[in-house]
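Inside the fold
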Amino acid sequence: MFEKVIAINLFGACVVRSVEDGRFEITGSKHKALFALLATAPFGRRTRSFLQEALWGTACFDTGRQSLRRALSDIKQIMGGDFGEVLTSTNTEVTLDLSRIDFIGRPGNGTFLEGLDLRERSFTQWLSGIRENPAQVYSLYSLSSQSPAMPILPVVAVLPFRAAPGAQEHAVLGDWLAEELSRSLSRSRMVAVISHLSCREMVRQTVDIASVRARLQANYCVVGSVHAAGDDLVMDADFIDTRSGRILWTRQFAAPTARFLARSAEGIEMIVRTIGRAIAEEAIAHVNANELADIEDHKLLIAGVEFMHRPTLSAFARSRLVLEEAISRAPTTPEAHAWLGKWYVLSVFNGWSTNTAEDTQKALDCTARALDLSPENSFCLTIDGFAQNNLLRRLDIADKRYSTALQLNPNEALSWLLKGAMCAFRDDSREAVKAVTTARKLSPLDPFGYFYDTLSATAFFAAGDNEKALALADRSLEVNDRHISTLRTKIAALHFMDRQQDARSIYIY
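Everything in this summary refers to the structure shown in the same document. (Residues numbered from 1 in each chain as written. Predicted model: local features only at pLDDT ≥ 70, side-chain atom pairs only at ≥ 80, totals over all residues. Heavy atoms only, no water.)

Our next topic: the pairing of strand β11 (residues 220-229). With seven of ten residues buried, β11 is to be regarded as a mostly interior element. Summarising the sheet, strand β8 (residues 155-158) and β11 pair through three bridges and their orientation is parallel. Looking across to β11, one finds that Val 158 is bridged to Val 222. Across two bridges, the pairing between strand β9 (residues 162-163) and β11 is parallel. From the neighbouring strand, Arg 162 faces β11, where its bridge partner is Ser 225. As judged from the ten bridges shared by β11 and strand β12 (residues 232-241), these two strands associate in the antiparallel manner. (Buried < 20%, exposed > 50% of the residue type's maximum accessible area, 1.4 Å probe, protein only. Helix = DSSP H or I, 4+ residues; strand = E, 2+ residues; numbered from the N terminus. Pairing = 2+ DSSP bridges.)

What follows is the structure, encoded as structure tokens:
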């Protein structure tokens, strides 16, 4: 296999340079446009007449021919001996050896050839065509060779909790609380969490919010303190938007000193759940107040998921637009494709689809794309199982997907939840209750808690615990009162509790 010679960035500012730093860089606009035209051509080959017309227009054929010849000569002088390694030309064609090109950057990370707007009509038409459908050139990028995707999720940093002056014995406790918070947050697919070691390093010096944002690239941070108050230990926590420095909320948890460690899980759970709700609400407010193009990347996926699990059809429809915008900006983020796949599953399952066959295929295409990008991604495996189960009724494949996901990540809450629902439908009530109970313990941040409640209600109903099933169904309906599956479970539970009149009074939309 030949070594790469030229590095080309097509999304954002166009870059054409040597793979080895400092050897050469192509800076002329038309010279870079020439490489872009060749790089996006089948087999890297264009006719001379096409290149002449695209870059110099049709006013004078001879002038265009001379301009192309001169451009190739200039490029050869810049590249030296590397020119012949990648470019060949005949009287009729120019060819770029794509095997020697390293396509750097990331598809969707900026506008295609941003700022490279030549005046020639043919080039403008070609450029507009790709900008309208940039996916047509994504295949140039080797997914395995790219650097890890920048998170499209909000990034949260939890700084070690400070000890009160003169009470340094609480410093170790404050550090431990921050580590446990980070660990609990990291179980969620809805946030990216900065490692505790990185956050600990930050507090070895004077910390301000601007430094947290600049050095850790965090969108939000948790800061707090631990202090004694009489016979109690008190943990105070602030959740801060690092861009504005605004405190989004403050929370306090207190417990007797002798029992603080034993009860600390309560405080950690309270803080983690409040973080999830705050991030979701801020994302929704931001999306409602701005055009999609003006929304920060990390708010798109959160808002899309939140809209998807709201009870109104208008919110559900908005979800698809927001998720598609997220994918257009980060097309190699597998979770974004998986969430869009779930959208199509829910569209069919809830009876909102106008073309069930087409939307079924779109759901499967989305989950297939997600798994192409990340074959061992437990979340993507889970959503594919969800599609197989609910759209194709392939419980065998769904079971394999959930099992594989849990082998890869035993903390994948959604896998446990959906596995529990599947066990309930198979009348394996013991495993169903075990699975959904595990899911609920592992799901600290999900903005669609009603979904966990409704599937948990199904599992407990299958186990004959009608009171628990009814309580979970009612809690789910407080958030989403139009979820048909929840209403069915509630009706069934009421029936077996000899409350037929209450069951008959429920209206299914």
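After that view, the rundown keeps rolling.
A word on the sheet that holds strand β5 (residues 87-89). Strand order in the open sheet formed by three strands is β4-β6-β5, with antiparallel pairing between adjacent strands. Only two strands of the sheet have a single neighbouring strand rather than two, namely β4 (45-47) and β5. Averaged over all pairs of adjacent strands, the angle between their axes in this sheet comes to 15°, without regard to strand direction. With three bridges connecting them, β4 and strand β6 (residues 93-96) associate as antiparallel partners. Following the sheet pairing, Thr 47 is matched in β6 by Glu 93. (Axes fitted to C-alpha atoms, helices over the stretch in contact; angles between N-to-C directions.)

A separate point is the state of the cysteines. All told, the structure shown has zero disulfides when counted by the stated rule. With no disulfide partner, Cys 199 has as its closest neighbouring cysteine sulfur the one in Cys 221, 8.8 Å distant. Cys 366 provides the cysteine sulfur closest to Cys 380, a residue in no disulfide bond, and the two sulfurs are 11 Å apart. (Disulfide = S-S within 2.5 Å.)

The phi angle at Phe 43 is positive, at roughly 60°, despite the residue not being glycine. Along the chain, Phe 43 falls in the loop between α1 (29-39) and β4. Even without a glycine there, the phi angle at Arg 393 is positive, about 55°. On the basis of relative accessible area, Arg 393 is assigned to the exposed category, the value being 55%.

Further remarks concern the packing of aromatic side chains. Going through the model one piece at a time under the given rule, you end up with 13 aromatic pairs. Pairing Trp 339 with Phe 379 gives two aromatic rings, centres 4.8 Å apart and planes at 50°, and the pair type is tilted. With Trp 339 in helix α12 (residues 334-349) and Phe 379 in helix α14 (residues 378-391), the pair connects residues that are 40 residues apart, well separated along the chain. On the basis of relative accessible area, Phe 379 is assigned to the buried category, the value being 2%. For the ring pair Phe 461 and Phe 496, a centre distance of 5.9 Å and an interplane angle of 55° mean the geometry is tilted. One end of the pair, Phe 461, is in helix α18 (residues 449-462); the other, Phe 496, is in helix α20 (residues 484-496), with 35 residues separating them in the sequence. Using a relative accessible area of 25% as the deciding quantity, one classes Phe 461 as partly exposed. (Phe/Tyr/Trp six-rings, centres within 6.5 Å; stacked < 30°, edge-to-face > 60°.)

Read across the sheet, four strands follow the order β3-β2-β1-β7 without closing on themselves; strand pairing throughout is mixed. The two strands at the open ends of the sheet, each matched to only one other strand, are β3 (25-26) and β7 (101-104).

This next bit is on the packing of helix α13 (residues 356-373) against α14. Relative orientation and spacing of two packed helices are given, respectively, by the angle between their axes and the distance between those axes. The N-to-C vectors of α13 and α14 enclose an angle of 160°; their axes lie 9 Å apart at closest approach. The angle between α13 and α14 falls in the class roughly antiparallel. Regarding α13 and α14, the two cross each other, and that crossing is left-handed. Only Cys 380, Leu 381, Ile 383, Asp 384, Ala 387, Gln 388 and Leu 391 of α14 make contact with α13, whose side of the interface consists of Thr 360, Ala 363, Leu 364, Thr 367, Ala 370 and Leu 371. Its residues placed into classes, the contact of α13 with α14 shows nine nonpolar, three polar and one charged. (Parallel < 35°, antiparallel > 145°, perpendicular 65-115°, else oblique. Left-handed = near helix turned anticlockwise from the far one by under 90°. Contact = heavy atoms within 4.5 Å. Nonpolar A, V, L, I, M, F, W, Y, C, P; charged D, E, K, R; others polar.)

All told, the structure shown has 28 salt bridges when counted by the stated rule. The shortest N-O distance in the salt bridge between Asp 384 and Arg 401 comes to 2.6 Å. Taken together, the residues span a long stretch of sequence, with Asp 384 in helix α14 and Arg 401 in helix α15 (residues 395-408) at a distance of 17 residues. The structure contains a network of salt bridges with shared partners spanning Glu 20, Arg 23 and Asp 82. (Salt bridge = Lys/Arg side-chain N within 4 Å of Asp/Glu carboxyl O.)

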